[in-house]
Amino acid sequence: MAKPVVLKSNKYGINLILDSKIEFEELLNCILERFKDSEGFFKNAKMAISFEGRRLTQEEEFRIVETITENTSVNIVCILDNDALKE
């Protein structure tokens, strides 16, 4: 994957397409960098988030949301699940 984190908007909020091969901690730093780079665009936004490209545990999903909300002005209101079995 060229970029470890790709942001795509959808009608509910944002979809993160994540690299499945890098370590989670490195991925978390890449996610934070990506959101900080886009801070002006997302300023004070309230949105849903979904994940694709990598299987995440519930704890990892929560850590991603926590990292975004604690370090940017983005407010994640819910996590959308793209997995039909979980949904």
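A brief structural summary. Quick caveat: nothing in here was measured; it's all calculated off a predicted structure.

### Side note on the pattern of salt bridges
Part 1 of the reasoning: By the definition in use, this model includes one salt bridge.
Part 2 of the reasoning: Ionic pairing is found between Arg63 and Glu25, a salt bridge with its closest N-O pair at 2.8 Å. Here Glu25 lies in helix H1 (residues 24-37) and Arg63 lies in helix H3 (residues 58-71), a separation of 38 residues in the sequence.
Part 3 of the reasoning: The partly exposed category is assigned to Arg63, whose relative accessible area is 29%.

### A few points about H3
Part 1 of the reasoning: With 14 residues, H3 extends 20 Å between its outermost C-alpha atoms, agreeing within 8% with the 20 Å of an ideal straight helix rising 1.5 Å per residue.
Part 2 of the reasoning: Residues of H3 that are buried: Glu60, Glu61, Ile64, Val65, Thr67 and Ile68. Viewed end-on, H3 has its buried residues packed into an arc of 160°, placing them on one side of the element. Projecting away from the buried face of H3 at angles above 90 degrees are the exposed residues Gln58, Glu59 and Glu70.
Part 3 of the reasoning: In this fold, the buried residues of H3 make contact with strand S2 (13-18), H1, strand S3 (46-52) and strand S4 (75-80).

### Notes on the nonpolar core
Part 1 of the reasoning: Among the nonpolar cores identified, the biggest contains 23 residues, and Leu16, Leu18, Ile31, Phe35 and Ile64 are the most heavily contacted of them.
Part 2 of the reasoning: A per-element tally of this core places H1 first, with six residues.
Part 3 of the reasoning: Contact partners of Ile31, with chain neighbours within four places excluded, come to Val5, Leu16, Leu18, Ile64 and Ile68.

### Observations concerning the side chain of Asp19
Part 1 of the reasoning: On the secondary structure map, Asp19 appears in the loop between S2 and H1.
Part 2 of the reasoning: No salt bridge is formed by the buried Asp19; its nearest oppositely charged neighbour, Arg54, is found at 5.5 Å.
Part 3 of the reasoning: From its side chain, Asp19 meets the backbone nitrogen of Lys21 in a polar contact 2.6 Å long.

Scoring rules and cut-offs
- Residues numbered from 1 in each chain as written.
- Predicted model: local features only at pLDDT ≥ 70, side-chain atom pairs only at ≥ 80, totals over all residues.
- Heavy atoms only, no water.
- Salt bridge = Lys/Arg side-chain N within 4 Å of Asp/Glu carboxyl O.
- Helix = DSSP H or I, 4+ residues; strand = E, 2+ residues; numbered from the N terminus.
- Buried < 20%, exposed > 50% of the residue type's maximum accessible area, 1.4 Å probe, protein only.
- Expected span 1.5 Å × (residues − 1).
- Arc of directions from axis to C-beta.
- Contact = heavy atoms within 4.5 Å.
- Core = buried A, V, L, I, M, F, W, Y, C linked by side-chain atoms within 4.5 Å.
- Lys, Arg positive; Asp, Glu negative; His and termini not counted.
- Polar contact = N/O pair within 3.5 Å; in protein donor to acceptor, adjacent residues only side chain to side chain.

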